[in-house]
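Architecture and fold: a report
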2 protein chains.
Amino acid sequence: MIGADRGVLARLRAHRRSPLHVVDPFKVPPREAVLKAAAVQRAGLPFLLLASTDYERFDERMPAYVAQVKAAVDIPVITHFPPRPGAGLPVATGADALLAPALLGSTDPYFVWQSLLETLHVQYRRGTAQEELPEFLLEAALTFGDDPVSAAVMHTEPLGRTPAQLDRRIETIRAFGFPVVYLYSRFEQVTGRVCRYFRDRLSPGQLIFIGGNVRSREQVEGYLRAGADYVVFAGALERADWREELDRLCAAPGTRERSGAAALRRT
Amino acid sequence: MIGADRGVLARLRAHRRSPLHVVDPFKVPPREAVLKAAAVQRAGLPFLLLASTDYERFDERMPAYVAQVKAAVDIPVITHFPPRPGAGLPVATGADALLAPALLGSTDPYFVWQSLLETLHVQYRRGTAQEELPEFLLEAALTFGDDPVSAAVMHTEPLGRTPAQLDRRIETIRAFGFPVVYLYSRFEQVTGRVCRYFRDRLSPGQLIFIGGNVRSREQVEGYLRAGADYVVFAGALERADWREELDRLCAAPGTRERSGAAALRRT
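Residues numbered from 1 in each chain as written. Chains lettered and ligands numbered in written order. Predicted model: local features only at pLDDT ≥ 70, side-chain atom pairs only at ≥ 80, totals over all residues. Heavy atoms only, no water.

Below, the discussion takes up the relation of the copies chain A and chain B. Mapping chain A onto chain B is achieved by rotating through 180° and translating by 0.0 Å along the same axis, at an RMSD of 0.0 Å. Interpreted geometrically, this transformation is the action of a two-fold axis. Within chain A, the C-alpha atom positioned nearest to the axis of rotation is that of Tyr124(A), 2.8 Å from it. Of all interface residues in chain A, 100% are interface residues in chain B too; the two copies therefore contact each other through one and the same surface. (Least-squares fit on C-alpha atoms with pLDDT ≥ 70 in both. Contact = heavy atoms within 4.5 Å.)

Below, the structure is given as structure tokens:
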């Protein structure tokens, strides 16, 4: 266990098979984030993610942002940001957990894994109190499809989809025992087949998150049927009628009018 | 850079192609270690290793042991021990560096890599001052041949020697950017062919250490010809006439009478 044990991984394992919403704290004003967090909790989602590929002045913005969101909800708040050389992963004290990505498809060992060591080293050097650290969730992060943004920031190459290419990643993910595996496509969509391929080969304790261009309830259901544990949507709520959109994305199958995703969770 | 930068990795890269001696601090009395350290330095070896698979009461024994050895020599002293769950790698303050092994052939993700994160976490929690930490040398450690000792302690499986098996490890070692690769056989010997196979495929900055049952100058020379950067001998000096044995192991090629390995180093 790295960071403080706040029971987040245990809770992630207990609430599998749910959509999750990501708020981008560097795009969404705090007031809107608070409203969305409360709506997400009402809709039955078991966590809220705060994430972005881009960030600036993280340590100025995030503690107050996290505190405001936390004050509005009881569900755990998890951050997800890329590391930067020299600083490691940005750490938002006050968050319950952080997803610590190992970008296995990066050509730079820093982003593959060394940033995780640097993160601990930097917090250590800074004298952050242990109990202030969020729980670290070690994550294998794989990107699919052309993605010049991820390539520029983290030197990732899109993962090929042949069985041999997938098998090599799966072998590493199993050997390294990542509790979380994040499959992401910035401009395309991860296929249900890829999701199923990972689910059938990872160990049962390894949680699969799928994200990127999730816009419909059908997609959410398709990924859940393909074995995803969490289906992450972000941009879908970046519109004026986000409340209706949230209801649509979280409605239980066959009951489009209902909000609340509790019925979806099959654990 | 994890731990304090003491220039050890830079020195390792500058003094490639040398034998190295390992003293086991849990077998060799400190007085004998001091004599051996001084002799090793006189013989021209650029580092001294302190290492063992077994250890007990590390924190009681090692600081004084390291201090005595350090007082006798100018060459850097590097420790190499396996981690233990809950404690991480044992850290000898006073040592210049520690080899931090990722046991890629372990079936337990703790020994594959998670121990490295735990090590930082534990030192952080303990409040060890940053500047007291040795320099961490991230190492991919691979074991060859049947080895029930390593299997019992670190859940390692011997690495197969087919090109496909070696290639998968090499791919990981390159992607993760380990600066040190340690090829070890406890009861057999790593072959020159395996050494050459790794050398031809790793990046030039990745240093190859070979160890296990190195007993003759011919072996040392064979590994150096096969591209090893450091050839490690331990048990060879566990005998009464260790001074003569050291001279034999370190003599420059064709000058068996000479001691001193300086002429061997081709950098």
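Let's shift gears to the environment of Ala151(B). Structurally, Ala151(B) can be placed in helix 5 (residues 148–154). Between the alpha carbons of Ala151(B) and Pro134(B) there is a distance of 27 Å; along the sequence they are 17 residues apart. (Helix = DSSP H or I, 4+ residues; strand = E, 2+ residues; numbered from the N terminus.)

Here we come to the sheet that holds strand 3 (residues 77–80) of chain B. Residue and element names in this part refer to chain B. Reading around the barrel, the eight strands line up as 1-2-3-4-5-6-7-8 and close back on themselves, with parallel pairing between neighbours. Mean inter-strand twist for the sheet, computed between neighbouring axes without regard to direction, equals 30°. Together, strand 1 (18–23), strand 2 (48–51) and strand 3 form the strand contacts of helix 3 (residues 58–72), whose direction differs from that of strand 2 by roughly 165°. (Pairing = 2+ DSSP bridges. Axes fitted to C-alpha atoms, helices over the stretch in contact; angles between N-to-C directions.)

Taken together, the contact pairs 29 residues of chain A with 29 residues of chain B. Linking chain A with chain B are two salt bridges. Among the ionic pairs, Arg168(A) bridges to Glu171(B), the shortest N-O distance being 2.1 Å. For the side of chain A that touches chain B, the elements supplying multiple residues, two or more each, are helix 4 (109–126) and helix 6 (163–176) of chain A. Ranked by residue count, the leading element in the side of chain A that touches chain B is helix 4 of chain A, at 12 residues. Each residue belonging to the side of chain A that touches chain B can be placed in one class, and the counts come to 16 nonpolar, eight polar and five charged. (Salt bridge = Lys/Arg side-chain N within 4 Å of Asp/Glu carboxyl O. Nonpolar A, V, L, I, M, F, W, Y, C, P; charged D, E, K, R; others polar.)

With that settled, consider the packing of aromatic side chains. The final tally for this structure, using the stated rule, is 31 aromatic pairs over all chains. Plain terms: the ring middles of Tyr55(A) and Phe81(A) are 5.6 Å apart, the flat faces sit at 85° to each other, and that makes the pair edge-to-face. Taken together, the residues span a long stretch of sequence, with Tyr55(A) in the loop between strand 2 (48–51) and helix 3 (58–72) and Phe81(A) in the loop between strand 3 (77–80) and strand 4 (97–103) at a distance of 26 residues. Accessibility assignment for this pair places Tyr55(A) and Phe81(A) in one class, buried. Ring pairs connect the aromatic residues Trp113(A), Phe176(A), Phe178(A), Trp113(B), Phe176(B) and Phe178(B), which therefore count as one cluster. Cation over ring: Arg61(A) sits above Phe26(A), and NZ or CZ is 5.9 Å from the ring centre. Note that Arg201(A) overlies the ring of Tyr197(A), its terminal NZ or CZ placed 3.5 Å from the centroid. (Phe/Tyr/Trp six-rings, centres within 6.5 Å; stacked < 30°, edge-to-face > 60°. Buried < 20%, exposed > 50% of the residue type's maximum accessible area, 1.4 Å probe, protein only. Lys NZ or Arg CZ within 6 Å of the ring centre and 35° of its normal.)

Interpretation in functional terms is not warranted from these geometric data alone.
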